[in-house]
Structure formats: structure tokens, C-alpha cells
2 protein chains.
Amino acid sequence: MHVSLLAIPGIPMVKPGDDLGALIQGSAMAAEMRFLDDDILVVAQKIVSKAENRLVCLDQVVPSTRARELAEVTGKDARLIQVILDESNEVLKTRKGLIVVEQRLGFICANAGVDRSNIQQSAGEVVALLPEDADASARRLRARIAELTGRRIAVIVNDSHGRAFREGTVGIALGVAGLHALQDRRGEADLFGFRLQNTEVGFADEVAAAASMVMGQAAEAAPAVIVRGLSYTPAEGSALELARAKEKDMFR
Amino acid sequence: MHVSLLAIPGIPMVKPGDDLGALIQGSAMAAEMRFLDDDILVVAQKIVSKAENRLVCLDQVVPSTRARELAEVTGKDARLIQVILDESNEVLKTRKGLIVVEQRLGFICANAGVDRSNIQQSAGEVVALLPEDADASARRLRARIAELTGRRIAVIVNDSHGRAFREGTVGIALGVAGLHALQDRRGEADLFGFRLQNTEVGFADEVAAAASMVMGQAAEAAPAVIVRGLSYTPAEGSALELARAKEKDMFR
């Protein structure tokens, strides 16, 4: 079995309002790459957020009392904290340099995914929020690629997140369209006929991590990667399959 | 940029004492695959544990009082709990069906990585433990492949672990030889010259997840995958770079 991870080169800087599907397909064509049916296109959250104009200039933000308090604890800009609070359902942990929240979409992450790297700065500091609905972003991109190429692909919007217990960020799936994010292997037999009892695989997270590994290495910025050769059952899918319900989680 | 994930087909059932390097190299040759310098070989923990005879027959285990108490709480076999305790530095959480520990190597995981799937069963139930020292296992395998092929590769021993906050298991690096498990990108500039401040990448975990995604899909069992085309700086490396120190972790 041979799986290919193909970074699409030459994607231009993305601006609010850009047609991301057309930009990606245009760059793929220019590099003589063609989408095939069942490809999985993994796109970095940052360019999705830019195209969707999920940018906030901190100059426009007035921090609340709570934001100022948390700014004190974390040593972060109170306006940034306000943006993070606006993007969060719940604050889980704070300490110097760190705020971990349940982000509006339901994922646990630092800073609610709000980040200023790879964002063109203007007079005031500009930060990017996660997409409003990353599954919907993935669905739109999937439909657009189908429209432009006639190919039926799946799309994952990925981001790099920190984790409990382990150092280093890894790519995770934030939005999914076209496949089951979680693969249920319970009941399948192992090599000796033993029924697997607990195996649900975070498939979309593994694909997101694989693509992230390539994105992080491309000589120029490569915010889109084609994963080719994996088999999966086409399905609507949602990254929320990967978000553990609060009452099921022992670590919050 | 093109990265290939190549499952090595036809690896025979591994038995205690087997020369894993020779088995993998033999299967690769038979499939007309050749190792190249800078390949990363990812090997499933289960076959490493089998070759190293990290197998325990539960019939041989006498559970302690504590093991019997935790068996009550979790609903698991008290002998299995005893094996898990013997493999653990600390028990973090228990509840019906689940025990989460700091495994002897320093990683947080369920059941201390002790598992019975894909293990040939005898009269009494047999379970596999994690390798005694998974970095050392990776180093030995790396040296053996160099000896057999003259190629300088890196090796990752991977396993599927559950996580806090997210559903589904993903491949993680349990043992590493030949590369830095954690890549420090702090101080590098982003697309607009902004210095990245918090970016340490769990590189070996991303590679492990990518390989896991392929291992889980191969038509026959494919417990070894070659990752080809990634660039990395050769280094001794250790998976322990990825284990967050207890006092630094907010979730334990």
C-alpha cells in the first residue's frame, strides 16, 4: 500500500473574500497536479480563516473586566484575551503564558485557536480566529473543487494544537467533509480472531497530522496538501465526531 | 514536496526472539522495496514487544489487594490490573472500563499500553507489555537495518493511544532513534517576519500518526511503514522529548 502526501506549491497569499477552491485548484494545475476521485485535500485553518475574513484588529477591541483579570494572570494582552473569551464556551485553565478553553466549536485548545502568526499586520495588531463553522468551510471547499474539477474528494481543515501530557503541537482536524472523522473498528476481528473492544480511530486527526508534517516542511508555505491512496467510505462527516463530550472526559 | 508512506507487505507473524530487523528487511526485499538513506521506518509496538518477549500469561499473575480493589472499580480482570500496576509509575484515573496511568516510560496512557489484541493466545490469556525501553528498541532496529543494508535511516516505534478531550486513538511515538522527536521552531520567522513564539512541533508523533493511518488500512497486517521524502536533521533522539514533565502539566 502506497499513500502519497503531495504539497500543492505556489498558493498565493490569501485575502478576505478570495475563492479558496479556485486558488488551490489553480495552483495545483500550474504545478501539473490534478485532483483524483477519493483524494483528501487538507487545508490549513489559517488560509480558510483569511479567506473567510475571520480577522480582528485588536485596536477595535475593548476588554471587559474579566478579560483584564485573565490578562493579569496570563501576562497576555487584555484585548487578545477578550477575543479569546468571545470565541470560547468555557475557560478550563489559565496560568502565565497560557489560557486553555473549550472553543466555540467544542474543541479544547489554547487561546481558542486565535493566533497572529502568518497574518499580514496593519497599524494595529491583527489576529485570526478559527472559522465560524469549520465543517461548513470544508463542505464548501469540497463542493467548489467538485464544481471546478468534476472530482469527488474529501476535505479536512487542519490546525496545530497542543495536547495534555505530551510536548509539541500536532495537526488535528478542525473541519471535515466527505469522510467519517472517527472510524469505529469495534467488533472487527484481530489477527487471531479476537474481537477488538475499544478501537475507535481518530482517522481525520491522523490524516491532519500527516498533512501537517508536510506543511511544516515545505520550502515555501504549503498550506494545502493532497493525501492520495487512502481508502475511506465517503460520508458527510464532521470534525465534531472527534470532540469528546464534557461529561465523558475525565481530564476536565 | 512529495512524501511517500509505504507499507511493507508480507511481514510474518513475529515470535519471541525473532530478529525483527532481518524480518522487516527480508519482507521489504521480497516486495522489491529497498531502504534509502533518510527513510524513517515506523514499526508497530506490538511486533517489537513480541520479538522482545514482552508477553505475560495472566495465569502466572497473583493480584495484590490494590489490584483487586481497582479491578472492582474498573470491572477489569484483577490479574490484568496487577500487570498494569507493575508497568506504571502512577495511577491517574480509574472508572468503569478504564484505567489511565503514567506508564513506566513516562507516558500517560490507558492500561499502561498492556493489550491482548493481535497476540496468539495459549491456555491462559496472554497480554503484551510495552517494550522495556522503546528508544533502545528503536536504536537496535536502526543499527540492524544499517548493518543489513548500509543505509542510515531513522526508526520510530509507534502505538495507538487515546487522548484527553478528543475521541479516537491516534498513532504516537513510543520510541525514537535517529531524529529529534520534538522540533523547536521558536525564533523562526513566519511569512511576514514575525518571530514564532510557541512553536514546538511533535514531529515524531506526526510521523507516527501518518504511519498509523496506513497500518490501519493495509489489507493484511502491515506493522511496518517506510516514510520517505521528509527532511530532518539526523540526531540520536528520544521519544521522551515528547513526555511532558508532571510539574509542567496542567491536566494531571
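Residues numbered from 1 in each chain as written. Chains lettered and ligands numbered in written order. Predicted model: local features only at pLDDT ≥ 70, side-chain atom pairs only at ≥ 80, totals over all residues.

A. Molecular detail of the overall build of chain A. Helix and strand counts for chain A come out as six helices and 12 strands. Taken over the C-alpha trace, chain A has a radius of gyration of 19 Å; the compact-globule value for 252 residues is 18 Å, and the two agree within 12%. Viewed in the frame of its principal axes, chain A has a C-alpha envelope of about 55 × 50 × 30 Å. A separation of at least 24 residues holds for 59% of the contacts in chain A among residues at least 6 apart in sequence. (Helix = DSSP H or I, 4+ residues; strand = E, 2+ residues; numbered from the N terminus. Rg over C-alpha atoms; globule rule 2.2 N^0.38 Å. Contact = placed C-beta atoms within 7 Å.)

B. Highlighting the environment of B:Thr65. By secondary structure assignment, the location of B:Thr65 is in helix α3 (residues 65-74). Along the chain, B:Thr65 and B:Ala78 lie 13 residues apart, while their C-alpha atoms are 9.2 Å from each other.

C. Fine view of the interface of chain B and chain A. Taken together, the contact between chain B and chain A spans 58 residues of the former and 58 residues of the latter. Of all the secondary-structure elements, those providing two or more residues to the side of chain B that touches chain A are β1 (2-7), β4 (88-95), β9 (170-177), β11 (200-201) and α6 (203-215) of chain B. Tallying contributions element by element places α6(B) first for the side of chain B that touches chain A, with nine residues. Split into classes, the residues belonging to the side of chain B that touches chain A amount to 30 nonpolar, 15 polar and 13 charged. As paired elements, strand β1 (residues 2-7) of chain A and β1(B) share five bridges and run antiparallel to each other. Residue pairing across strands places A:Leu6 opposite B:His2, the latter belonging to β1(B). (Nonpolar A, V, L, I, M, F, W, Y, C, P; charged D, E, K, R; others polar. Pairing = 2+ DSSP bridges.)

D. Quick look at the domain arrangement of chain A. Residue and element names in this part refer to chain A. As far as domains go, chain A holds domain 1 (4-53 + 132-244) and domain 2 (55-128). Going through the elements one at a time, α2 (45-51) and β8 (154-161) are the ones with two or more residues in the side of domain 1 that touches domain 2. Ranked by the residues each element gives to the side of domain 1 that touches domain 2, the list is headed by α2, at three residues. (Domains from an automatic or database assignment.)

E. Quick peek at the packing of helix α3 (residues 65-74) of chain A against helix α4 (residues 78-86) of chain A. Residues and elements named next belong to chain A. One can describe the packing of α3 onto α4 by two numbers: an axis separation of 8 Å at closest approach and a directional angle of 115°. Of the two elements, α3 crosses α4, and the hand of that crossing is right-handed. Counting all contacts with α3, which are made through Arg66, Ala67, Arg68, Leu70, Ala71 and Thr74, the residues of α4 involved are Ala78, Ile81, Gln82 and Leu85. For the contact of α3 with α4, a count of residues per class yields six nonpolar, two polar and two charged. (Axes fitted to C-alpha atoms, helices over the stretch in contact; angles between N-to-C directions. Left-handed = near helix turned anticlockwise from the far one by under 90°.)

F. Representation of the sheet that holds strand β5 (residues 98-103) of chain A in the model. Residues and elements named next belong to chain A. An order of β4-β5-β6 is seen for the three strands of this open sheet, with the pairing classed as antiparallel. Taken across any chain shown, the strands that pair with only one partner, and hence form the sheet edges, are β4 (88-95) and β6 (108-110). The mean inter-strand angle of the sheet, taken between neighbouring strand axes irrespective of direction, is 25°. As defined by bridge partners, β5 adjoins β6 across three bridges and the pair is classed as antiparallel. Of the residues in β6, the one forming a bridge with Val101 is Cys109. In the packing of α3 onto the sheet, contacts are made with β4 and β5, and the angle to β4 comes to roughly 35°.

G. Structural view of the relation of the copies chain B and chain A. With an axial shift of 0.0 Å and an RMSD of 0.0 Å, the rotation relating chain B to chain A amounts to 180°. Such values leave the two copies arranged in the relation of a two-fold axis. When the interface residues of chain B are mapped onto chain A, 100% of them are again interface residues, pointing to one common binding face. (Least-squares fit on C-alpha atoms with pLDDT ≥ 70 in both.)

H. A look at unusual backbone geometry. Residues and elements named next belong to chain A. Phi is positive for Asp38, close to 75°, though the residue is something other than glycine. Its place among the elements puts Asp38 in the loop between α1 (20-30) and β2 (40-44). Residue Asp38 is classed as partly exposed on the basis of its C-beta count, with 18 C-beta atoms lying within 10 Å. (Buried ≥ 20, exposed ≤ 12 C-beta atoms within 10 Å, placed from the backbone.)

I. Representation of the pairing of β1(B). Here β1(B) pairs with strand β12 (residues 224-228) of chain B via four bridges, running antiparallel. Each bridged residue has a counterpart across the sheet, and for B:Leu5 the counterpart in β12(B) is B:Val227.

J. Highlighting the nonpolar core. The biggest cluster of nonpolar side chains holds 162 residues, and the ones touching the most others in it are A:Ile156, A:Val225 and B:Val225. Beyond its immediate stretch of four places on either side in the chain, A:Ile156 contacts A:Ile40, A:Val42, A:Ala138, A:Ala173, A:Gly175, A:Val176, A:Ala204, A:Val207 and A:Ala208. (Core = buried A, V, L, I, M, F, W, Y, C linked by C-beta atoms within 7 Å.)

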